[in-house]
Amino acid sequence: MPYARLLTPLLLVFSNLFMTYAWYGHLKDRTTALPKVILVSWGIAFFEYLLMVPANRIGSAVYSAPQLKGMQEVITLLVFAGFSTWYLGQPLKWNHWAGFALVVCAAWLIFME
C-alpha cells in the first residue's frame, strides 16, 4: 500500500480527536450524571475505533507494532495538548511539555533501525 505511510498517521490524528473528547470532554461540564457520561463516551469511542483499527491494520504494512504504538503516543499527546489548552482552558506547563518531550524521545528511539 503506497499510501499507508501517510494514511496511517492521518487516521490516528482523527481517531485521537474522538478519543480525547470521549475521555476528557465531560470534564468541562461536571453536572451530567456519570452513567450518562459513560454511555455518551462509549458512543464517541465507537467512532474512534472506526478509525483506529483501520489505521493499525493499514499501518502494519509499513510500520512495526512498536512503531505504530510510538506514533500513536506522540499523536495522542499533541492532540491532548491542544484539547487541554483550547477546549478545557488548561494550558500545559513546562513540566508537562518536558514529560511529553521524553515520550517523543522514546518514540524516536522506537523508529531507529
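These remarks concern the structure in this document. Everything quoted here is computed from the prediction, not taken from an experiment.

**Points about the overall build of the chain**
A count of helices and strands for the chain gives 4 helices and 0 strands. In the chain, the succession of helices and strands from N to C terminus is α-α-α-α. Taking the principal axes of the C-alpha coordinates as reference, the chain spans close to 50 × 35 × 20 Å. When the 113 residues of the chain are sorted by exposure, 35% land in the buried category. In the chain, the proportion of contacts linking residues at least 24 apart, taken out of those at least 6 apart, comes to 75%.

**Concerning the environment of V40**
Mapping V40 onto the fold places it in helix α2 (residues 34-59). A residue is classified by how much of its surface remains accessible, and V40, at 44% relative accessible area, is partly exposed. Taking the C-alpha atoms as reference points, V40 and A22, separated by 18 residues in sequence, lie 7.7 Å from one another.

**A short note on the packing of aromatic side chains**
Tallying each qualifying case throughout the model produces 9 aromatic pairs. When the centroid spacing of 6.2 Å and the interplanar angle of 65° are considered together, the rings of W23 and Y24 count as edge-to-face. Look at W23 and you get exposed, because its relative accessible area is 53%. Taking relative accessible area as the criterion, Y24 reaches 29% and is therefore assigned partly exposed. A ring pair is formed by W97 and F100, whose centres lie 6.1 Å apart and whose planes are at 80°; its orientation type is edge-to-face.

Cut-offs used in this document
- Residues numbered from 1 in each chain as written.
- Predicted model: local features only at pLDDT ≥ 70, side-chain atom pairs only at ≥ 80, totals over all residues.
- Heavy atoms only, no water.
- Helix = DSSP H or I, 4+ residues; strand = E, 2+ residues; numbered from the N terminus.
- Buried < 20%, exposed > 50% of the residue type's maximum accessible area, 1.4 Å probe, protein only.
- Contact = heavy atoms within 4.5 Å.
- Phe/Tyr/Trp six-rings, centres within 6.5 Å; stacked < 30°, edge-to-face > 60°.

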